[in-house]
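Structural features, examined
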Amino acid sequence: MRLVNRGSDFYDNEANFEKYMERRRWQENANDTLEKPIMLELIGDVAGKNVLDLGCGDAKFGAELLGAQHQASSYTGVEGSVNMVDVAHESVKGLNAQIKQAFLEDWDDEAQTYDVAISRLAIHYIEDIESLFHKVYHTLKDGGTFSFSVEHPVITSTLQPSGTRTNWIVDQYFIEGFREQQWLGGSVKKMHRALESYYIALQKAGFCVEHLRESAPQRQHFVNEETYLRRQRIPLFLFLSARK
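What comes next concerns the included structure. This structure is a prediction, so every number in the text was calculated from the model and none was measured.

In this section: the overall build of the chain. Looking only at helices and strands, one finds eight helices and nine strands in the chain. A burial count over the chain gives 52% of its 244 residues as buried. Across the chain, the fraction of contacts at a sequence separation of at least 24, relative to all contacts at a separation of at least 6, is 69%. In the form shown here, the chain has an accessible surface area of approximately 11,300 Å², with 47% of it arising from carbon and sulfur atoms.

As structure tokens, then:
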């Protein structure tokens, strides 16, 4: 299998896509038990706000934000994978939402458009985050917020081509760049960068960084005690939230 050029390409392989969607249906998948609760905390109240979601995937999160519980005013999802875009359109059908098929590397939008920008586990596929962060800053209204999650640098620094983790020893932490991983039966490249690089890139774009979080598990989100204890071993995700 060829090495994919963009993160979204991985999901346009039918076998990879089906395996990923099957994994997301698992009751205690890491996205829903670890990542989503913290993202909701960082995003805060979105009632009446226009939301931008970069790398929106199936856009089910967008449908949730537009629903009765959160009451966002509008939702725009940007996604490179054609397979994901098709599912995303179905997720937000009949809602005040639009889905744009675009690679994050190429995406751009009008100035002063959104109140809230989010990105869930997509930016670790992007090499040039400084350009991306500048574009996010440009499209946010004054006082708007940008919250995102990525694979934790501890994870990306320990990726092994075989996909098998023999240990958790961090190595070559400050040597940044793409690292190949075998995942769900396919090859994917994820960008390893130090934690401070995310922080500095936000500052260079003009943002004021307000929150930094890691994926400490919260017991109420787990049914299985074994899974909860295993998630305490190492941080899977890094979260940053900043304001324009």
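Back to the text.
Within the sequence span of helix α4 (residues 82-91), burial applies to N83, M84, V85, A88 and S91. At the N-terminal end of α4, a side-chain oxygen is found 3.4 Å from the backbone nitrogen of N83, two or three residues along, and the residue is S81.

Let us now look at the pairing of strand β1 (residues 50-54). Most of β1 sits inside the fold, with five of its five residues counted as buried. By the bridge criterion, five bridges tie β1 to strand β2 (residues 74-79) in an arrangement that is parallel. Across the sheet, N50 pairs through a bridge with S74, a residue of β2. Crossover connection from β1 via helix α3 (residues 60-66) to parallel β2: handedness right-handed. In terms of strand pairing, β1 meets strand β4 (residues 114-120) through three bridges, oriented parallel. Its bridge partner lying in β4, V51 is registered against V116.

Now for the pattern of salt bridges. Under the definition given, this model contains ten salt bridges. Taking the shortest distance from any N to any O, the salt bridge between E64 and K36 comes out at 2.6 Å. Placement of the pair is E64 in helix α3 and K36 in helix α2 (residues 30-43), with a sequence separation of 28 residues. Relative accessible area serves as the criterion here: at 25%, E64 is assigned to the partly exposed category. The partner of D115 in a salt bridge is K141, with the nearest N and O atoms 3.5 Å apart. In this pair, D115 is assigned in strand β4 and K141 in strand β5 (residues 140-151), connecting sequence segments 26 residues apart.

Conventions adopted
- Residues numbered from 1 in each chain as written.
- Predicted model: local features only at pLDDT ≥ 70, side-chain atom pairs only at ≥ 80, totals over all residues.
- Heavy atoms only, no water.
- Helix = DSSP H or I, 4+ residues; strand = E, 2+ residues; numbered from the N terminus.
- Buried < 20%, exposed > 50% of the residue type's maximum accessible area, 1.4 Å probe, protein only.
- Contact = heavy atoms within 4.5 Å.
- Areas by Shrake-Rupley, 256 points an atom, 1.4 Å probe, with all protein chains shown as cover.
- Polar contact = N/O pair within 3.5 Å; in protein donor to acceptor, adjacent residues only side chain to side chain.
- Pairing = 2+ DSSP bridges.
- Right-handed = clockwise from strand over helix to strand, strands pointing away.
- Salt bridge = Lys/Arg side-chain N within 4 Å of Asp/Glu carboxyl O.

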